[in-house]
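Structure assessment
This is what each chain is made of:
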Amino acid sequence: MAYAEIIIDISTTALDRIFTYEIPEALAGDIEIGTSVKVPFGRGNSLRTGYVIRIKDEAGYDLSKIKAISEVVCDSSLVEGQLLRLAYWMKENYGSTYIQALMTVLPMKAKIGEKMLTYLHLNISLEDAKKELEICEAKHYKAKARLIKALIESGTMAKTSASKELNVSAATIKSLINSGTIIETAERKLRNPKTGKEGALPNYPLNEEQKAAFDIFDKDYKAGIRETYLLFGVTGAGKTEVYLSMIEEVIKEGKEAIVLIPEIALTYQTVRRFANRFGDLVTVIHSRLSAGEKYDQFERAKKGEVKVVIGPRSALFTPFSNLGLIVIDEEHENSYKSEQAPRYHARETAIYRAKLADASVVLGSATPSVESYERALNGEYKLLTLKNRVSDAKLPVVSVVDLREELKAKNFTMFSRELQKDLRATLDRGEQSMLFINRRGMAGFVSCIDCGHVIKCPHCDVSLKLHGDNLMICHYCGYKMIKPSICPECSSKHIKAFGTGTEKVCEALKKLVPDARILRMDADTTKDKEGHERILEEFASGDADILVGTQMIVKGHDFPKVTLVSALAADLSLFEQDFRSAEKTFDLLTQAAGRAGRGSLKGKMIIQTRHPDAYAIACASKQDYIGFYNQEIAFRRLADYPPKSHMLAVMMQSASHEELLSYSEKLKHFLDEYIKDFTKLPKIIGPAEAYVYKVKDIYRRVIYVKYADYQALIDIKNCVERLVWDGSLKGRVSTFFDFDPMVMF
Ligand code: ADP
Ligand code: ZN
Ligand code: ZN
């Protein structure tokens, strides 16, 4: 006898239970994972729709209580079936519960009571809006002016706040809508990208290189060949234009496309280029949408009202039933890896979904992940290359400054002499500069000069960071306290903030170039939801000369007037305890260099470092991806890191330090037993304390397993899951998994 595990009514009920049903002989051939079926449910045995998520030989409990599946729903939506299979695959390959996997993959209907808010957005360019504002002010249309001003500042606002907080009447709003100045939508859409005449962007004919890349794809596609392609093109090579042509082709074939873009690069600018080509066939999904809003977007996709969905990682689960292409732009980005179970990577998941849907995948990057490039070299992916920037834009000149030499020359500022000179010159030419620090949490920690005591969060194993003059904040849990005036250890008064944050950079910069208009962008200044985009637009419109920020400022933005970019302390990210730190540093520096001189102006990048010879830095300064790749892959091979081996992190956490300790030791013991019979022994590292041992009063330990065969790691994961379920590992500890981690635990 065969049995099926079934989730009932996935779209409406809480997904918290799996039911087992018998598969009648007559239906046996029709039922597989993802099949939609009708089953008798509850006391009245009313028929409910369910989805098969697993098939097994044993019911696992009292046979007399088991009911049988009534029928297979023939018109069951293929998409849901596909997505369920995807969920099952994700659960297997990344480790999670069924529910977690299903929740990740299936669109949830809006919870009853979720109110649909109406939002107002500008429908004209920022410049036109500023003109309109002047006109309204001149004519003393005060209410109109208030609203336009607010929208210029925030981009979008709820209609209710316009009427309540700004005291703008419904009639005024209506008149602005009628004149085309603003629009209202029922969702927090990314500001509606204008596709009308004035906003229209040119549609460039592809240049030779672009065309060659496109042609390979096009020929395959028309011949019914579905592949994974790696579009490796230097920054500014015009990758987006190639995606657009590919999508156009896919739509012509009656199919749909999903475009993944890292959330941080998902700006008005980017979306506009897609909307410009495909108009209303494009929709955007982003994390600011509520579950209900996202569900509605997914419904539109399912009904075929849109053909192209752009969004971050989760847009991958758009229920298109004729999916033809998945594009993953900036495929090397960390944000494509989920931070919650199942900790899936969008790249691998996209490739699996494409396989189910008979679609192709295009990965694009100027700095492909070492994983992807290796696969392209192996022939697993088809490599498409763009070697040159479009038109005449040249790659920027890169200069590496050794900060140790600056110290010798008695320059104790954070700006090298070369950078000081170039900042001045760029300013004098009326061009823009970007300065960044490449590490999170670089705001100063507070320490005692006399005894060395560092003020730490009482709940986490990290130092508190100083914000402003007096407030110290924990970046892990949000704990706040006022900076003490004397050292809590030795009562010394010499207590002081160390390190440099973006705030400090701005202060120093103001002294260096007092006449410059400086903008700062970091986690502090972008707390509100639209803040990030607002700052970028302000900079793009030329309202500032220098943009100072964390690494978030260099990701994927296109500012034609930026001719100077500098990494103030390039090695900050180089020595983190992470096998990917060289790759991350190389990517960041190369991408950053790509920001300079995107327009017709010549660009320059200055890398300030104490380790000019580190290969990540030396190769980035030459924009030499292949050189970097060769050194990096040798290191990965030597140390058995992905992609030369696979890696499973078994992460354990508990409020009890002692229980965690014995649990993790016991788990290690079981694992040693389990792998005894493997022909080649996997490497097991740990258990060890996590990089940050305590977060929010929870202790964390980790075991890493390295092995060449991914499937064997899945088996090890399944073994740990069994141990957890059958109670072999005693202790109040939660265990979870991360395959080929992007960030070390
Ligand atoms: P990438 O994503 O590869 O860094 P983009 O796609 O952003 O590069 O393109 C860089 C710039 O070049 C954009 O402003 C784009 O509009 C322009 N561009 C792209 N293709 C062409 C072309 N064939 N001719 C002229 N300009 C182009
Ligand atoms: Zn002290
Ligand atoms: Zn904390």
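Thresholds, definitions, all that
Residues numbered from 1 in each chain as written. Chains lettered and ligands numbered in written order. Predicted model: local features only at pLDDT ≥ 70, side-chain atom pairs only at ≥ 80, totals over all residues. Heavy atoms only, no water. Helix = DSSP H or I, 4+ residues; strand = E, 2+ residues; numbered from the N terminus. Rg over C-alpha atoms; globule rule 2.2 N^0.38 Å. Buried < 20%, exposed > 50% of the residue type's maximum accessible area, 1.4 Å probe, protein only. Contact = heavy atoms within 4.5 Å. Areas by Shrake-Rupley, 256 points an atom, 1.4 Å probe, with all protein chains shown as cover. Lys, Arg positive; Asp, Glu negative; His and termini not counted. Charge placed at Lys NZ, Arg CZ, Asp CG, Glu CD. Expected span 1.5 Å × (residues − 1). Donors = N, O, S within 2.8 Å, 3.2 Å for Na, K, Ca; no water. Tetrahedral: all angles 85-135°; square planar, octahedral: opposite > 155°, others 65-115°. Near = heavy atom within 4 Å. Polar contact = N/O pair within 3.5 Å; in protein donor to acceptor, adjacent residues only side chain to side chain. Domains from an automatic or database assignment. Buried area = accessible area lost by both parts, 1.4 Å probe. Salt bridge = Lys/Arg side-chain N within 4 Å of Asp/Glu carboxyl O. Phe/Tyr/Trp six-rings, centres within 6.5 Å; stacked < 30°, edge-to-face > 60°. Lys NZ or Arg CZ within 6 Å of the ring centre and 35° of its normal. Core = buried A, V, L, I, M, F, W, Y, C linked by side-chain atoms within 4.5 Å.

So, on to the overall build of the protein. For the protein, the helix and strand inventory stands at 21 helices and 30 strands. Taking 27 Å as the expected radius of gyration for a compact globule of 745 residues, we find that the protein reaches 28 Å, a close match to that expectation. For the protein, the spread of C-alpha atoms along the three principal axes comes to 85 × 65 × 55 Å. Here the protein, with 745 residues, has 53% of them falling under the buried criterion. Long-range contacts, defined here as pairs at least 24 residues apart, represent 74% of the contacts in the protein between residues at least 6 apart. Accessible area of the protein: about 33,200 Å², with a carbon and sulfur share of 52%. Each charge class in the protein can be summarised by its mean position, and for the 105 positive and 100 negative side chains these summaries are 3 Å apart.

All right, on to helix H19 (residues 625-638) then. Relative to the 20 Å expected for 14 residues at 1.5 Å per residue, H19 spans 20 Å between its end C-alpha atoms, a close match to the ideal helical length. The set of residues buried in H19 consists of Tyr625, Gly627, Phe628, Tyr629, Glu632, Ile633 and Arg636. Summarising the contacts, the buried residues of H19 are in contact with strand E9 (228-233), helix H12 (370-378), helix H17 (581-593) and helix H18 (615-621). Backbone geometry just downstream of H19 places Asp640 in the positive-phi region, at approximately 55°.

What follows concerns the coordination of the zinc ion (ligand 2). The protein atoms donating to the zinc ion (ligand 2) are Cys448 (SG), Cys451 (SG), Cys487 (SG) and Cys490 (SG), with metal-donor distances spanning 2.3 to 2.4 Å. Every donor counted, the four donor atoms about the zinc ion (ligand 2) form angles of 106 to 113° at the centre, which fits tetrahedral coordination. Counting gaps between the donor residues of the zinc ion (ligand 2) yields the pattern C-x2-C-x35-C-x2-C. Placement of the pair is Cys448 in strand E18 (residues 445-448) and Cys490 in the loop between strand E21 (480-482) and strand E22 (495-498), with a sequence separation of 42 residues. Exposure remark for Cys490: the relative accessible area of 34% places this residue in the partly exposed category.

Moving on to the site of ligand 1. Among the 17 residues in the neighbourhood of ligand 1, the closest are listed as Pro205, Gln210, Gly236, Lys239 and Arg273. At 2.6 Å from an oxygen atom of ligand 1 is found a main-chain nitrogen or oxygen belonging to Gly236. Ala237 is positioned such that a nitrogen or oxygen atom in its backbone is 3.3 Å from an oxygen atom of ligand 1. A total of three residues in the shell around ligand 1 trace back to one element, the largest contributor, which is helix H8 (residues 239-252).

By domain assignment, the protein separates into domain 1 (2-105), domain 2 (116-188), domain 3 (208-392), domain 4 (397-441 + 501-637) and domain 5 (646-739). The centre of domain 3, based on its C-alpha atoms, is set 28 Å off from the matching centre of domain 4. The interface of domain 3 with domain 4 comprises 24 residues on the first partner and 31 residues on the second. Together, the buried faces of domain 3 and domain 4 total about 2,200 Å²; carbon and sulfur atoms form 53% of this surface. Area buried by domain 3 at its contact with domain 4 is led by Ile264, Arg288 and Val370, which between them contribute 27% of it. The tally of links between domain 3 and domain 4 comes to one salt bridge. Among the elements of the structure, helix H9 (268-278) and H12 are those that each provide at least two residues to the side of domain 3 that touches domain 4.

Attention now goes to the packing of aromatic side chains. Tallied over the full model, the rule gives 21 aromatic pairs. Ring centres of Phe579 and Tyr641 lie 4.5 Å apart, and the angle between their planes is 5°; this geometry places the pair in the stacked category. In this pair, Phe579 is assigned in the loop between strand E25 (562-567) and H17 and Tyr641 in the loop between H19 and strand E27 (646-654), connecting sequence segments 62 residues apart. One Lys or Arg, Arg226, reaches over the ring of Tyr221 and ends 3.8 Å from the middle of that ring. In this structure, Lys706 is placed above the aromatic ring of Tyr641, and the distance from its NZ or CZ to the ring centre is 4.0 Å.

Now for the nonpolar core. Membership of the largest hydrophobic core comes to 109 residues, with the highest contact counts inside it found for Ile326, Phe436, Leu547, Leu589, Met605 and Leu667. If we ignore the near neighbours within four places in the chain, the residues touching Met605 are Val397, Val398, Ser399, Val565, Ala567, Leu589, Ala592 and Ala593.

Moving on to the coordination of the zinc ion (ligand 3). Six octahedral donors around a metal ideally make angles of 90 or 180 degrees; four tetrahedral donors ideally make 109.5 degrees. Bound to the zinc ion (ligand 3) on the protein side are Cys457 (SG), Cys460 (SG), Cys474 (SG) and Cys477 (SG), at distances that span 2.2 to 2.4 Å. Seen from the zinc ion (ligand 3), its four donor atoms lie at angles of 108 to 112°, and the figure they make is tetrahedral. In primary-sequence terms, the residues that donate to the zinc ion (ligand 3) follow C-x2-C-x13-C-x2-C. With Cys460 in the loop between E18 and strand E19 (465-467) and Cys474 in the loop between strand E20 (471-473) and E21, this residue pair connects regions lying 14 residues apart in the sequence. A relative accessible area of 2% places Cys460 in the buried class.

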